[in-house]
Protein chains: 2
Amino acid sequence: MPAESRTPGRRERNKQEKLDRITSAARELFSEYGVDEVTTQQIADKADVGTGTLFFYAKTKAELLLLVHNVKYAEAIDSGVTAAGATAGILDAVMAIVQPIVACNRVQIENGRTYLRELVFGDPDEHHHKVGLELTGRVDDAIAAILSRDGDRNEQDAAQLARIISAIMFINMTATVFMSLSDDSVIGNIRDQVRTLLGAHRVGV
Amino acid sequence: MPAESRTPGRRERNKQEKLDRITSAARELFSEYGVDEVTTQQIADKADVGTGTLFFYAKTKAELLLLVHNVKYAEAIDSGVTAAGATAGILDAVMAIVQPIVACNRVQIENGRTYLRELVFGDPDEHHHKVGLELTGRVDDAIAAILSRDGDRNEQDAAQLARIISAIMFINMTATVFMSLSDDSVIGNIRDQVRTLLGAHRVGV
DNA sequence: GAATAATTTTGAGCGTACTCGGTTATGAGT
DNA sequence: ACTCATAACCGAGTACGCTCAAAATTATTC
């Protein structure tokens with residue numbers, strides 16, 4: 001059958017299809033019940049595979065969350081980068097990046113916190129973990145680019161300030177103290193801290 | 001027996017003695033093998049109590065680590081605060097606080113990381129968790145006090161900058177990327193970031 | 001197309017943190 | 001002294017993430 005030249009074989013297709021089922025099952029269960037309330041057994045059942053198969057596709061439950069959440073996170077970053085490009089002020093542009101990320105991570109607070117926890121404390125050798133770290137790298141780069149709009153600032157400082165802003169975001173999205181706050185309050189807190197960081201207070205504002 | 005007026009009863013004493021045994025057992029096992037390599041059963045055995053009893057005194061394994069590590073952390077903070085008091089420059093004084101904390105948390109890197117993880121993601125209603133959060137509060141206050149030495153800086157900014165410095169410390173002590181670094185490298189990284197932070201809006205350095 | 005190799009699938013089983021119902025020790029009331 | 005309520009203690013049992021050795025499926029070779 002040379003007509004179907006680009007069929008990568010049944011095995012490959014089955015594998016992809018199975019991964020899709022697992023991904024969907026995990027996404028739906030996680031977003032409906034929260035990662036802690038879902039067992040790997042439930043995911044396996046919903047995906048209609050054995051538990052062994054589940055862990056053949058994702059080495060840990062955490063990897064499953066990363067796999068699912070990375071997609072949403074990437075979308076949030078893209079929309080933020082786009083918005084930042086159309087924003088004049090440096091602080092406002094930074095916040096244009098921050099805002100969708102915070103929103104994304106707080107759609108389901110428990111999942112968002114767990115995602116960030118795994119990103120920092122999980123095994124960096126796992127595939128989806130690496131992908132997640134690349135995403136945070138993109139955020140750092142995007143923020144550094146914005147800060148570099150200020151001609152007085154050298155690139156090295158911009159990169160370092162970007163990392164600091166990421167740290168500020170992380171703490172404000174994870175610390176239990178902030179769990180009961182509204183999204184707007186969290187964003188407000190981050191904005192205040194970034195403003196202080198950038199030294200806006202000296203000029204006036 | 002009115003002579004021993006302040007004896008709080010056998011029950012109280014037994015309880016205290018048992019808690020001591022548990023604390024010692026946990027401390028020794030954790031520091032020798034690392035928190036992940038020690039089972040709660042081993043701790044119970046070494047303390048010579050049943051597992052049920054163990055969890056009567058500490059609600060989770062994480063609480064056990066907090067219980068043990070809070071003591072060391074408190075010592076590190078005290079020594080840092082003392083050293084900072086005798087240090088002239090603001091950056092140097094801040095680093096005098098940072099240095100012993102980093103050292104303490106990296107005596108056994110796995111335990112230090114887990115400690116910080118639980119501090120951020122654990123149940124804030126548990127007793128030892130609260131104690132731990134108070135300690136980080138003390139660090140923030142101490143740093144804020146140092147920053148306030150600069151007469152130009154108002155207290156609100158000092159407090160906020162202190163929180164940012166804590167965030168910088170946290171990331172540098174927890175992120176997997178930094179696990180393979182030496183203590184000095186980590187401290188150097190933190191110093192660079194704090195310098196950038198404090199100098200972000202200034203012209204020179 | 002048979003034989004062989006490679007990959008994928010599976011669920012019973014394991015280790016471990018933690019629970020729970022029953023038991024025992026302690027001290028207050030009389 | 002005796003009773004009784006309460007606090008402390010215990011370990012068998014549970015839940016759940018994850019492993020592993022064997023089985024099933026797919027690819028490859030001759």
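Just above, that's the structure.
Keep in mind that this is a model prediction, so the values were computed, not measured.

### Thoughts on the packing of aromatic side chains
Residues and elements named next belong to chain A.
Thought 1: Taken as a whole, this structure holds eight aromatic pairs over all chains when the rule is applied.
Thought 2: Ring plane angle 55 degrees and centroid distance 5.2 Å describe the contact between Y73 and Y115, whose orientation is recorded as tilted. One end of the pair, Y73, is in helix α4 (residues 61-85); the other, Y115, is in helix α6 (residues 109-121), and 42 residues separate them in sequence. Both residues of the pair, Y73 and Y115, belong to the buried class.

### Things to note about the interface of chain A and chain B
Thought 1: Taken together, the 28 residues of chain A in the interface contact 26 residues of chain B.
Thought 2: Here chain A packs against chain B, burying approximately 2,400 Å² in sum over the two surfaces, 68% of which is carbon and sulfur.
Thought 3: One can count zero salt bridges joining chain A with chain B.
Thought 4: Taken together, chain A and chain B are joined by three residue pairs in polar contact (both at pLDDT 80 or more).
Thought 5: Per-element accounting of the side of chain A that touches chain B gives the leading share, ten residues, to helix α8 (residues 155-174) of chain A.

### Details of the pattern of salt bridges
Thought 1: Per the counting criterion, the structure on display carries 16 salt bridges over all chains.
Thought 2: For the salt bridge of K46(A) with E28(A), the shortest nitrogen-to-oxygen distance reads 3.2 Å. Within this pair, whereas K46(A) is found in helix α2 (residues 40-47), its partner E28(A) is found in helix α1 (residues 10-33), the two being separated by 18 residues in sequence.
Thought 3: Looking at E28(A), the relative accessible area reads 40%, which means it is partly exposed.
Thought 4: As a salt-bridge pair, R106(B) and D183(B) come within 2.8 Å of each other at their nearest N and O atoms.

Each value, and the rule that gives it
Residues numbered from 1 in each chain as written. Chains lettered and ligands numbered in written order. Predicted model: local features only at pLDDT ≥ 70, side-chain atom pairs only at ≥ 80, totals over all residues. Heavy atoms only, no water. Phe/Tyr/Trp six-rings, centres within 6.5 Å; stacked < 30°, edge-to-face > 60°. Helix = DSSP H or I, 4+ residues; strand = E, 2+ residues; numbered from the N terminus. Buried < 20%, exposed > 50% of the residue type's maximum accessible area, 1.4 Å probe, protein only. Contact = heavy atoms within 4.5 Å. Buried area = accessible area lost by both parts, 1.4 Å probe. Salt bridge = Lys/Arg side-chain N within 4 Å of Asp/Glu carboxyl O. Polar contact = N/O pair within 3.5 Å; in protein donor to acceptor, adjacent residues only side chain to side chain.

In short, shape yes, function no, at least from these values alone.
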